[in-house]
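Examining the three-dimensional arrangement
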Amino acid sequence: MPIRLLPPEVAGKIAAGEVVERPASVVKELIENSVDAGATDIRVEIREGGRRLIRVADNGCGIPADEAALAFARHATSKLTTVADLDRITTLGFRGEALSSIAAVSRVTLLTRPRGQAMGHYLRVEGGQITHQEGRGCPAGTVISVEHLFHNVPARLKFLRQPQTETGHIHDVVTHYALAFPAIRFHLMADDRLAFQSTGNGNRYDVLIAILGLEVAEQMLALEEPEEPPAGLAVSGFIGLPSLHRASRNYISFFVNRRWVQDRSLSHAVVEAYHTLLPVGRQPVAVLFVDLDPAEVDVNVHPTKREVKFRDGQKVFAAVQRAVRRTLVEQIPVPAMAQAARTWPAFGASTAAPSGWERHEALVAAGQATMSWYQADEKPQPVGPVRLPLLRVVGQVGQTYIVAEGPQGLYLIDQHAAHERVLYEQMLAAHKQQAVPSQALLEPLLLDLDPLLAGVLAEHLDLLNRVGFAIEPFGGTGYLLRAVPAILAPAGAGLPAAVVDILEMVRQGDDPLAAQAEERLIAAVCKRAAVKAGQTLSPEEMQRLVRQLEQCESPRTCPHGRPTVLHFSVEQIEKEFGRR
């Protein structure tokens, strides 16, 4: 095919695809423009998760009438003029692509007035083309309305999630900028409901309380200033106590010169600072601000400006790690004992406090009257192409791996992955029979979720209730938890955290086909319920787990694809010992 220039409308949509990923991307770009305009009050209004309407209003400097149309041209900006300006970017925006990209995939109206002008200016853009403009009276500042996002890009529109989920992503953007700029008042209205507001009093801790709630914010420590900070580099913010942890690193937020960024290296620095202080597989909560000379960081490395590149990355990594570790060492208190949640006792359970494994076994046994949860016949079935041979347990290594002997050599079994596979196949079979055992709570628990996870829960509420949960809306982002799958009941006081972890695991996964959604959710429940690495098991418990694994249809991997068993043949062992 011949080489030719793309039509402007096609090029515009391609460029828009790099900048505008979802409604939250639009909110991010418009908020950045408002901040750069010197606004002290930013109001965001959305409808249907931003798909129907996104409106951002500010009291910033406004746009002169003779420049309003130019603002929608590609690469038109007031924030830099020469190549040298790219070396010291001090504004959030600088490329001049946001408004043109947004206008290419939506219908946009602009109403703006600088304080020095008596009359404001109104402008309407559809499909990247200005269709109408006129003078209008309005307050000083700028109001931009974006309607019917992706109406002319059906391929992108069908990839948007449910409105609750998109609302959660928008809430995430607004709250992060409220943290970065505590002296600005932020308001977020979602479908005529106030979803978030900050005071704009300049106190970052007050914003933290508004986002996380007082109970969680009280578990956050302010970073201690070092006696000799690195020259030209400052690290500040808040980190969670070791008792406050999550299932993923999504709760570690970084701001570089008050720009919200994603950086795996810095996240790793925080995790390393918590070394030996967190349970296995858990991640810390942190909100950190890195301030340095703009010449030492390149922000022009990603279309969405979410990634940056440091001139001296090792220096920044070390500064973050030391700041977090110093604060933890100096401030962490002795952990207090958590109050146990009250649940209905398991059928046939004694009044003495059983071990975690015993409670699990008792609760599972409770469902045997209505379904075959565990295999009634413990005798090994014939070994098929994917089944395991009959194994004899020898012991446990590192409180994580079960050592077993089989007819073909030595087997190392990951106890968590193995138990996850066992629970997954049993729960999946029970679900297909619509007989998943559920454990009612004596008193319902209130789940006060952040909007992003509340959106995930709303999107998967029916699925959750079909796999043993009983959850119902309780207004806003609150939900009442009335029952859980029996395998989760031993979590006791940790049930709210268990539900949050499950939602987080579901959120991290890719969009599945509808038929796969329930399997993914069941896998998340089983991952949270399975015995953990570092848990001591008795010989009987290990042998029981190995027997159950032998009966699985796919015993060699956990539901997430990680191996459950490593096999060392007799030939391999003899070769290592020089016998062959």
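Residues numbered from 1 in each chain as written. Predicted model: local features only at pLDDT ≥ 70, side-chain atom pairs only at ≥ 80, totals over all residues. Heavy atoms only, no water.

**Concerning helix H6 (residues 204-212)**
Heads up, the rule is: Polar contacts, as counted here, are pairs of nitrogen or oxygen atoms within 3.5 Å of one another; within protein the pair requires one atom able to donate a hydrogen and one able to accept it, and residues that are adjacent in sequence qualify only if both atoms are side-chain atoms. Strands here are runs of E lasting at least two residues and helices are runs of H or I lasting at least four, both read from the DSSP assignment and numbered beginning at the N terminus.
The N-cap residue of H6 is Asn 203: its side-chain oxygen and the backbone nitrogen of Tyr 205 are 2.9 Å apart. Note on H6: the residue one or two positions beyond its end, Gly 213, has a positive phi of about 90°.

**Remarks on the packing of helix H5 (residues 163-180) against helix H12 (residues 451-459)**
This is how it is decided: Axis lines are fitted to C-alpha atoms, over the contacting stretch for helices. Their N-to-C directions set the angle, which ranges from 0 to 180 degrees. Should an angle fall under 35 degrees it is called roughly parallel, over 145 degrees roughly antiparallel, and 65 to 115 degrees roughly perpendicular, with every other angle called oblique. Any two residues whose heavy atoms approach within 4.5 Å are treated as being in contact. Gly is put with the polar residues, along with every residue not named as nonpolar or charged; the nonpolar set is Ala, Val, Leu, Ile, Met, Phe, Trp, Tyr, Cys and Pro, and the charged set is Asp, Glu, Lys and Arg.
The geometry of H5 relative to H12 is characterised by a closest axis approach of 7 Å and an angle of 175° between their N-to-C directions. Here H5 lies roughly antiparallel to H12, going by the angle between them. Taken together, the residues of H12 that come into contact with H5 (itself represented by Gln 164, Thr 165, Gly 168, His 169, His 171 and Asp 172) are Pro 451, Leu 452, Gly 455, Val 456, Ala 458 and Glu 459. Here the contact of H5 with H12 is composed, by residue class, of 4 nonpolar, 6 polar and 2 charged.

**A closer look at the pattern of salt bridges**
Threshold: What counts as a salt bridge is simple: a side-chain nitrogen of Lys or Arg found within 4 Å of a carboxyl oxygen of Asp or Glu. Only protein chains enter the calculation, and the probe is 1.4 Å; a residue is then buried if its accessible area is under 20% of its type maximum, exposed if over 50%, and partly exposed in between.
A full pass over the atoms with the stated rule returns 19 salt bridges. With a closest N to O distance of 3.0 Å, Lys 28 and Glu 32 form a salt bridge. Taken as a pair, Lys 28 and Glu 32 lie in helix H2 (residues 23-36) at a separation of 4 residues, close to a single helical turn. The buried category is assigned to Lys 28, whose relative accessible area is 6%. Its salt-bridge partner being Arg 392, residue Glu 405 comes within 2.5 Å of it at the nearest N-O pair. You can see Glu 405 sitting in strand S19 (residues 401-406) and its partner Arg 392 sitting in strand S18 (residues 392-397), a full 13 residues away along the chain. Look at Glu 405 and you get partly exposed, because its relative accessible area is 40%. Salt bridges here are not isolated pairs; linked through shared partners, they connect Glu 45, Arg 47, Arg 55 and Asp 192.

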